[in-house]
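Residues per chain are reported as follows:
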Amino acid sequence: MQQNKWRHVVYLALALVMLAIGLPEMRFAAEWSAHVVFSFSWAAFVLLIVAANLYALLGIDEDTAKQLQRVKLAKRLAWQRQLQRHADRLVRVRERR
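Not measured: the values here are computed from a predicted model. (Residues numbered from 1 in each chain as written. Predicted model: local features only at pLDDT ≥ 70, side-chain atom pairs only at ≥ 80, totals over all residues. Heavy atoms only, no water.)

K.L.:
Tell me what's going on with helix H2 (residues 34-58), and back it up with residues and numbers.
P.N.:
For H2, which comprises 25 residues, the first-to-last C-alpha distance of 36 Å matches the rise-based estimate of 36 Å (1.5 Å per residue) to within 8%. All of the buried residues along H2 are Val36, Ser39, Trp42, Ala43, Val46, Val50, Asn53 and Ala56. (Helix = DSSP H or I, 4+ residues; strand = E, 2+ residues; numbered from the N terminus. Expected span 1.5 Å × (residues − 1). Buried < 20%, exposed > 50% of the residue type's maximum accessible area, 1.4 Å probe, protein only.)

K.L.:
Break down a nonpolar patch on the surface for me, citing the residues and quoting the values.
P.N.:
Residues Leu23, Phe28, Trp32, Val37 and Phe40 make up a contiguous nonpolar surface patch of roughly 520 Å² in combined accessible area. Within the element layout of this structure, valine 37 appears in helix H2. (Patch = residues over 30% accessible without salt bridge, like charges linked within 9 Å, V, L, I, M, F, W, Y side chains within 5 Å. Areas by Shrake-Rupley, 256 points an atom, 1.4 Å probe, with all protein chains shown as cover. Salt bridge = Lys/Arg side-chain N within 4 Å of Asp/Glu carboxyl O.)

K.L.:
Please give an account of the side chain of serine 39 that cites residues and values.
P.N.:
Structurally, the position occupied by serine 39 is in helix H2. For serine 39, a relative accessible area of 1% gives the class buried. Those residues in contact with serine 39 that sit more than four places away from it in its chain are Met26, Arg27 and Phe28. (Contact = heavy atoms within 4.5 Å.)

K.L.:
Tell me what's going on with the nonpolar core, and back it up with residues and numbers.
P.N.:
As a rule of thumb, nonpolar side chains are buried together in soluble globular proteins. Counting seven residues, the largest nonpolar core is built from Leu12, Ala15, Leu19, Met26, Trp42, Val46 and Val50. Those elements that place two or more of their residues in this core are helix H1 (3-22) and H2. Discounting residues that sit within four places of it in the chain, valine 46 has contacts with Ala15, Met18 and Leu19. (Core = buried A, V, L, I, M, F, W, Y, C linked by side-chain atoms within 4.5 Å.)

Pasting the structure below:
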């Protein structure tokens, strides 16, 4: 197993331990109080962490990861070009003054 996959296994195990320890302590009553809202949001957050790590372990193959890296790089370069155009525009405005 690759080095970065081990990280997801550890995070998944920690999230499941958090869920196993925290879930029995929470109250999911019919009345909406701050405690119930916190319980639902905490459980949803932990389940989101579990889902993300499972997706990373099972869902992403190397081709998809490389394609995702290319998309991120393209977005970064586009953002950098946009910032550069904005900076050039500000310099031209200041030079006119």
